[in-house]
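Topology and contacts: notes
Okay, here's what each chain looks like letter by letter:
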Amino acid sequence: MRTAFSLRGRRLAACTALALSAGMLLASPAVAEPAPRPSVEQPRRAAAPLPELDLSKLRDGASARGAAAGETLPSRFDVDGDGLTDLLVRNWNGGLDVITSGSGEDGAWARYGAEEVPLDLVPLGDQNGSGQPEVLVLTQYGKAELHGEATLGGGTAYWTGGGWGVYNKVFTPGDIDGDGRFDLLAREHDGDLYFYRGTGNLYAPFSARVKAGVGWGAYDQVVGIGDNDGDGRGDVVARTPRGELFFYSGTGVKTNPFKPKRSIGTGWTTYNQLFSVDDVNGDGVADLFARKTDGSLWVYNGRGNGTFLAPSRLSSAGSFIGVDQFAGSGSIASSGKNALMARTAGGTLYWYGAKNNGRLSPREQINEAGAWAGAPLGYASSLDRTSFGSLFFTYNGTLYAGDWSGGGWGGYNHVFGPGDLNGDGKGDLLARDRSGVLWLMRGNGEGTGFASRIRVGSGWASYNRLVGAGDVSGDGRADILARDRSGVLWLYKGTGVSTRPFATRVKVGGGWGAYRQIAAPGDVDGDGRADLLATTSGGTLYRYHSTATSGVFAPRVKVGDGWQVYPDLY
């Protein structure tokens, strides 16, 4: 009797049996099926309504200085024809939406023919003179897609290119070289910056890359804002993890596109995403939008000298909470797990969704009471072509995930899925055997199997908790956390290299033995970095916000009580 569970929206595949032999996953005869288990349909975060964004007051209030400044800057994403940039966003269920700047014609935005999960969104303005903008979409598996002549409903797919997973941030300051077309900048994980000239040909949209700088890894958010200082060149603002904001004025030279940086303020960690909107008040100067963790949206109007006026609030708290990624955002895009599974001692399983504000949604029971008692469960960062976590379990040496099952897993005492560990964008698993050796199981991106296992190293039996779901350190690579038996927590930063997936461990701090459970839900507060949850024996749940600094986590914040009913969190 077939009893493996299924997840909503998953790409179904025929059941496959694999066995682990001599360090290889090989085809084998059918494996024994587990005892009957209920079918599990994973909930999703309820779709958030699209907020209204009326910028008419900003335009009506443009100053005399602005009126004399000249024409409004070119828009990078105007799809309703009013000359101002509209918002393209990825919602928290993985779809794309348009929020216009005042017409109210909001709705879904389609990538026709595209299959991979969209991560980062880079609007490029009108590259070919058609009157409609182009959008570059960076996908889950490192592909770049150019969608041309965009309208309110979507764009036409003109070009795709592979290998873009080497970058952790791709953005445009606008026109860098003075030819009237938006150009592209891309940052590698080591902080090196590369320039791509926009060609205007939608079938071959970029020239060969040229190295344009080093040291850009110091920033957790980098935003190309357009011309802010009135010299006709695209500019950039960049934020450090500690909240200092720097302004880079454009030079027009592709190999050295910016003048030396200039500090323009501190305290910018108040916002979980900064993003470009070009010139929203029509004064000819680039402006900046910022979202707070509470979901409210704020605008910083440019002064025309590389600085900004005091912020003005554009929306109420919670209004933009359903956005995972804004187009033109400076944050490193993330996807793969934004939820928590919790199991009672009696075997009832509950689901909690992350809300981008550091809180969790009300729990949802996802199976019959007691149906999962004693099952060795796991909840991995996505193993397939969705943006949702993958629930799996093992039984009699067989691992079951979705409609797939494979043998040879009986030798492991802990299996977990922190995300992509070898740089191909596909979710992987880590498995620790009974001798303390850790193995990397590279996923195929379809949720239907794994490549030959790779030995990570020995000595991992010294840890009584191993967790991970995404990027903790802020470099765009999946990391893991390990608690030793003395209560010290250690961070292992991902390298993106299969044969050595982790750098030397970094001490987070002691005292973590006070927690009954530690779980990795992914990004809980909407900044793209993975956070941590922990429960005490008394049932208090705490959240640890990832800071991407040497301190790793901010001081804990209480989320709620009553969690003593769950001996297991995933």
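The structure under discussion appears in the preceding block.
Here we summarise the structure given alongside this text. The structure displayed is predicted, hence computed values, not measured ones.

1. Some remarks on the side chain of S390
Turning to its location among the elements, S390 is positioned in strand 28 (residues 390-395). There is a polar contact of 3.0 Å between the side chain of S390 and the backbone nitrogen of L383.

2. Considering the nonpolar core
The biggest cluster of nonpolar side chains holds 18 residues, and the ones touching the most others in it are L124, L136, W164, V170, L184 and Y196. Mapped onto this core, the elements with two or more residues apiece are strand 7 (118-125), strand 8 (134-139), strand 9 (144-148), strand 10 (154-161), strand 11 (167-174), strand 12 (183-188) and strand 13 (193-196). Non-local contacts of L136, meaning those with residues more than four positions away in its chain, are made with D120, L121, V122, L124, A144, E145, L146, W159, V170, L184 and F206.

3. Observations regarding unusual backbone geometry
Positive phi, close to 60 degrees, is recorded for D278, a residue that is not glycine. Inspection of the secondary structure assignment puts D278 in the loop between strand 19 (271-276) and strand 20 (288-292). Note on D278: relative accessible area 3%, which makes it buried. Phi is positive for N396, which is not a glycine, with a value near 50 degrees. Here N396 shows up in the loop between strand 28 and strand 29 (398-401).

4. Re the environment of V210
With respect to the helices and strands, V210 occurs in strand 14 (residues 210-213). When the C-alpha atoms of V210 and P567 are compared, they prove to be 53 Å apart, with 357 residues separating the residues in sequence. Among all residues touching V210, those that are not within four sequence positions of it are L193, Y194, F195 and T255.

5. So, the sheet that holds strand 17 (residues 245-248)
The strand order 15-16-17-18 describes an open sheet built from four strands, whose pairing is antiparallel. Strand pairing shows two members of the sheet lacking a second neighbour, strand 15 (221-226) and strand 18 (262-265), which therefore form its edges. Each neighbouring strand pair of the sheet contributes to a mean axis angle of 30 degrees, computed without reference to strand direction. Here five bridges tie strand 15 to strand 16 (residues 235-239), and the two strands are oriented antiparallel to one another. Among the inter-strand pairings, Q221 is bridged to a residue of strand 16, identified as R239.

6. Focus on the pattern of salt bridges
Counted according to the given criterion, the structure contains 15 salt bridges. Between D324 and R90 there is a salt bridge, with the nearest N and O atoms lying 3.9 Å from each other. Taken together, the residues span a long stretch of sequence, with D324 in strand 23 (residues 323-326) and R90 in strand 3 (residues 87-91) at a distance of 234 residues. An identical accessibility class is assigned to D324 and R90; each is buried.

7. Overview of the packing of aromatic side chains
For the structure shown, the criterion picks out 41 aromatic pairs. On the basis of an interplanar angle of 70 degrees and a centroid distance of 6.3 Å, the ring pair of Y196 and F206 is categorised as edge-to-face. Pair noted here: Y196 is in strand 13 and F206 is in the loop between strand 13 and strand 14, with a separation of ten residues, a long-range link. Just as Y196 is buried, F206 falls in that class too.

8. Observations concerning the pairing of strand 36 (residues 480-484)
Along strand 36, five of the five residues are buried, which leaves the element largely enclosed by surrounding structure. The side-chain alternation of strand 36 yields two buried faces, one formed by I480, A482 and D484 and the other by L481 and R483. When strand 35 (residues 463-467) meets strand 36, the two strands line up antiparallel, connected through four bridges. The residue of strand 36 that forms the bridge with L466 is A482. Alignment of strand 36 against strand 37 (residues 489-492), held across four bridges, turns out to be antiparallel. Paired with L481 across the bridge in strand 37 is L491. If you look at the hairpin formed by strand 36 and strand 37, you'll find four residues sitting between the two strands, and G487 has a positive phi there, around 90 degrees.

Definitions and limits used
- Residues numbered from 1 in each chain as written.
- Predicted model: local features only at pLDDT ≥ 70, side-chain atom pairs only at ≥ 80, totals over all residues.
- Heavy atoms only, no water.
- Helix = DSSP H or I, 4+ residues; strand = E, 2+ residues; numbered from the N terminus.
- Polar contact = N/O pair within 3.5 Å; in protein donor to acceptor, adjacent residues only side chain to side chain.
- Core = buried A, V, L, I, M, F, W, Y, C linked by side-chain atoms within 4.5 Å.
- Buried < 20%, exposed > 50% of the residue type's maximum accessible area, 1.4 Å probe, protein only.
- Contact = heavy atoms within 4.5 Å.
- Pairing = 2+ DSSP bridges.
- Axes fitted to C-alpha atoms, helices over the stretch in contact; angles between N-to-C directions.
- Salt bridge = Lys/Arg side-chain N within 4 Å of Asp/Glu carboxyl O.
- Phe/Tyr/Trp six-rings, centres within 6.5 Å; stacked < 30°, edge-to-face > 60°.

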